[in-house]
Structure formats: structure tokens, C-alpha cells
Amino acid sequence: MHRVYNFAAGPATMPLPVLEKAASEFMSYGSTGMSVMEMSHRSKMYLEIYQQTECLVRKVMDIPDDYSVLFLPGGATMQFAAIPMNLLSEDQCADYIDSGNFAHNALEEAKKYGRVQVIASSRDDQYTYIPEVKPSMIDPDASYVHITTNNTIFGTRFTELPDTGSVPLVADASSNILSEPYDIRKFGVVYAGAQKNIGPAGMAIVIVRKDLLGRAQPCTPKILNWAKQTDADSMVNTPPTYTIYLAGLCMQWLLDQGGIEAIEKVNIEKANMLYDVIDNSKLYHGTAQREYRSRMNVTFVTSDPEMDAVFVKEAASNGLVNLKGHRLVGGIRASIYNAMPVDGVKKLVDFMKEFEAKHV
Ligand SMILES: *Cc1c(COP(=O)(O)O)cnc(C)c1O
């Protein structure tokens, strides 16, 4: 079987053992005689899969019992609306940090449901860094503070979490969840679209501290209401059953790798391999400021957009695909989530060196 190294930002490469396991059970799961996707979401056999996935998510991320773990349709973008609907009260505001395109989309969406303040932004500098957030910048009466822990498009990451005092911290961790340890207790809400480090697209995992449930605005659709979803075990409607099953397989795979702390070491190694080439090159230039560089999305350019295009094309013919930068920034982006093997990054490093030797 032919498989390429897929550096796509999302949907992204999946762990091969997960695909193999899913393939082996595709037509009949265990002794059930049916595919997981054919099971009733209310059936005993499916509920076992659901509970297993939730259990594994809790175990991998060490999520305490006073947090609810939800598997919701609609990806992270749906949560951009759900967050203010569930948390933002009429007489309060929400503080947002505008550190990237998704952060910006999140705050623009929130404005439809209440008062939003942008307390720090790197938008005017093309999001090349994470703006500083001092405790004094946070409105102590805000309903919550929203950050995006890793900026998928611009290739930056929060190296430390802002101190928000008693104001709940809400984090979009779509592109770096499960890649480095986070103490969930520091957050009111952590949410992530599934298609980068969790499983297939179309779903978000939402982790909510239970004392924040029950504050939803009256207009909140039932399907977006975290309290109702918690009571219903994410089954206010038919949940993305097959995606939840695959997420469970990915969690098991991650545990087999030694869990988050072990994979973080590999992730640092992979990112350093690429940044080393960039920093020692005359051809490549990193686009993110050094101290904020992402470990998941490595963004760089040559000084010539045509050369960038040649790079992407030649890489693809060498089995290294989807290296084109996001349309907003151009250039080259290598997304190296948990499931990207070290070997794939080694191949990319070799290719980058050969390409430079040929063109400089
Ligand atoms: C990919 C991504 C999203 C969007 O996820 P969808 O599932 O497409 O809604 C939001 N935020 C961040 C940080 C992302 O990387």
C-alpha cells in the first residue's frame, strides 16, 4: 500500500495503527456483526464505545470529575457561537485575545451574542507573535477570557497561559490539544475541533468546568447548550458516532506512545529538526517570531513566492504532500501533529537541504 507523508493542517494525517484497527473492524465490530457506524447510538454496544472514548480522553488529559467532557458536532467553529451563548451574560463582557485568524473569527462570532473586548492583539503585525497579556488588562467582571493556544495558520503558540485570576479562561486548543501537557484545572473551558490531534473532522471535544453550566442565554439552541448536552451524554441528537469511535482509537494510540508527556518530547524534537534547518539556511525564513514558534505548524517562506510554489510541487512529487501555506499567508507550512512520524520530518529535512543546495 502506498502512503504519503501528509503535512496538511487539518483534516490531518492519522496514526497508521488507528487506520489499520478501524479497517479490521470496519464491517463487523467484535462479535456484533455490524459496523460501528451502523449501531444505534442508544444501543448497549455503542454506549460502551462512547464511555470508553470518554474514559480515555479523561485519562490521557487527566481531566477531573468536576469537568464535563462533551463530543459535539460542528467543529470548533460551532463553539465560537456556543461559548458566548453558554457563558456571556447581558451585564458582563467577554475578553478576547486576538492572536490569529481563528482567534479573530471566534471574537467576531461572539460579538453577535454580547459585549466583547479585545484586550490584546497582534493583528496589526500579521500575527507573527503572541501579544502579552498582563493580569491588569483583564476586566475582573468579565464572563470569561478567550485565548487560542496555538495559531494554526501563522504558526505561533502561547508559551505560558495568561493569569486571569478568578475570571474563567476559555481556550481554543484545536491545533495543539494532546500535544503537550496542560493542567485542565487552570481552565474554565477547553475546546478543540477534532481534525488535527483527535480524529476525523466535524466534531469538537468540549471540556467544561461544571460550575459554569446552567448560565446559557435563553436563545441558545438545545444542541449548543452545554448543560443539556452534559445531561444527555452528548446525545441531545444523534452524535457523530463513528468519529467518536475513531477518537477513542486515537486516544488508545496516544497512551500506547506513552501519553502526552512522551509525545511532547517527540513533538519538540520534530519541531526543532525543522527550525534548525530554517535557522541555518540562506533560502528559508521562518515567519513567526522565534520565542512564540509553534511545535505543530511550522511556517516559512523562501524570498520568492514562485520558489515557494516550486518547493511545494517538488516536495509533493517526493511523497511529502500538502506543504502549501494557508491562503492568507502563502509560503510553506508543515503541520506536524502527534500522528506525523519522526521519519516524515526527517524526509522533509533531507528534502529541504537538497532543495536549497539545488537552488542557492
Ligand atoms: C482548525 C481550527 C479551527 C476550526 O475548526 P473547524 O472544525 O473547522 O470548525 C478553529 N480554531 C483553531 C485554532 C483551528 O486550528
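Everything that follows concerns the structure shown earlier in this document.
Please read all numbers here as calculations on a predicted model, not as lab measurements.

## Digging into the sheet that holds strand E11 (residues 285–286)
Here is step 1: Ordered in space as E11-E12-E14, the 3 strands form an open sheet in which the pairing is antiparallel. Because the sheet does not close on itself, it has two edges, and the strands there are E11 and strand E14 (332–335).
Here is step 2: In this structure, strand E12 (residues 297–301) lies alongside E14, joined through 4 bridges in antiparallel fashion. By the bridge assignment, Val-298 is partnered in E14 with Ala-334.
Here is step 3: The strands touched by helix H7 (residues 259–279) are E11, E12 and E14; relative to E12, the strand with the most contacts, the crossing angle is about 15°.

## Comments concerning the site of the ligand
Here is step 1: In the vicinity of the ligand there are 13 residues, among which Thr-77, Thr-152, Asp-172, Gln-195 and Lys-196 approach most closely.
Here is step 2: Ala-76 is positioned with one of its backbone polar atoms (N or O) 3.1 Å from an oxygen atom of the ligand.
Here is step 3: One nitrogen or oxygen atom from the side chain of Asp-172 is found 2.6 Å from a nitrogen atom belonging to the ligand.
Here is step 4: If one sorts the elements of the shell around the ligand by residue count, helix H3 (residues 75–87) sits on top with 4 residues.
Here is step 5: Per-class residue counts for the shell around the ligand are 3 nonpolar, 8 polar and 2 charged.

## Describing the sheet that holds strand E8 (residues 169–172)
By definition, the strands of a sheet pair up through backbone hydrogen bonds, in either a parallel or an antiparallel sense.
Here is step 1: Spatially, the 7 strands line up as an open sheet ordered E2-E10-E9-E8-E5-E3-E4, and their pairing is mixed. One side of each edge strand has no neighbouring strand; the edge strands of this open sheet are strand E2 (67–73) and strand E4 (115–121). Neighbour-to-neighbour, the strand axes of the sheet open up by a mean angle of 20°, direction not taken into account.
Here is step 2: Bridging between strand E5 (residues 144–148) and E8 involves 4 bridges; their strand directions are parallel. Its bridge partner being in E8, Val-145 is matched across the sheet by Leu-169.

## With respect to a nonpolar patch on the surface
Here is step 1: Residues Met-1, Leu-16 and Leu-19 make up a contiguous nonpolar surface patch of roughly 330 Å² in combined accessible area.
Here is step 2: Structurally, Met-1 is set in the segment before strand E1 (5–6).
Here is step 3: Of the residues examined, Met-1 reaches a relative accessible area of 86% and is grouped as exposed.

## As for the pattern of salt bridges
Here is step 1: What the rule picks out here adds up to 14 salt bridges.
Here is step 2: With a closest N to O distance of 3.9 Å, Glu-180 and Arg-295 form a salt bridge. Of this pair, Glu-180 sits in the loop between E8 and strand E9 (189–193) while Arg-295 sits in the loop between E11 and E12, placing them 115 residues apart in sequence.
Here is step 3: The exposure class of Glu-180 is buried, given its relative accessible area of 8%.
Here is step 4: One salt-bridge network, in which partners are shared between bridges, spans Arg-157, Glu-180, Glu-264 and Arg-295.

## Notes on the pairing of strand E3 (residues 93–98)
Here is step 1: Burial of E3 is extensive: 6 of the 6 residues sit out of reach of the surface.
Here is step 2: What you see with E3 is no split at all: Cys-93, Asp-95 and Ile-97 on one side and Ala-94, Tyr-96 and Asp-98 on the other are buried throughout.
Here is step 3: The sheet contact formed by E3 and E4 spans 6 bridges and is parallel. Bridging from a neighbouring strand, Cys-93 pairs with Arg-115 of E4.
Here is step 4: You can see the chain leave E3, run along helix H4 (residues 101–110) and come back into E4, and the turn it takes is right-handed.
Here is step 5: Pairing of E3 with E5 involves 3 bridges; the strand directions are parallel. Its bridge partner being in E5, Asp-95 is matched across the sheet by Val-145.

Conventions and cut-offs
Residues numbered from 1 in each chain as written. Predicted model: local features only at pLDDT ≥ 70, side-chain atom pairs only at ≥ 80, totals over all residues. Heavy atoms only, no water. Pairing = 2+ DSSP bridges. Helix = DSSP H or I, 4+ residues; strand = E, 2+ residues; numbered from the N terminus. Contact = heavy atoms within 4.5 Å. Axes fitted to C-alpha atoms, helices over the stretch in contact; angles between N-to-C directions. Near = heavy atom within 4 Å. Polar contact = N/O pair within 3.5 Å; in protein donor to acceptor, adjacent residues only side chain to side chain. Nonpolar A, V, L, I, M, F, W, Y, C, P; charged D, E, K, R; others polar. Patch = residues over 30% accessible without salt bridge, like charges linked within 9 Å, V, L, I, M, F, W, Y side chains within 5 Å. Areas by Shrake-Rupley, 256 points an atom, 1.4 Å probe, with all protein chains shown as cover. Salt bridge = Lys/Arg side-chain N within 4 Å of Asp/Glu carboxyl O. Buried < 20%, exposed > 50% of the residue type's maximum accessible area, 1.4 Å probe, protein only. Right-handed = clockwise from strand over helix to strand, strands pointing away.

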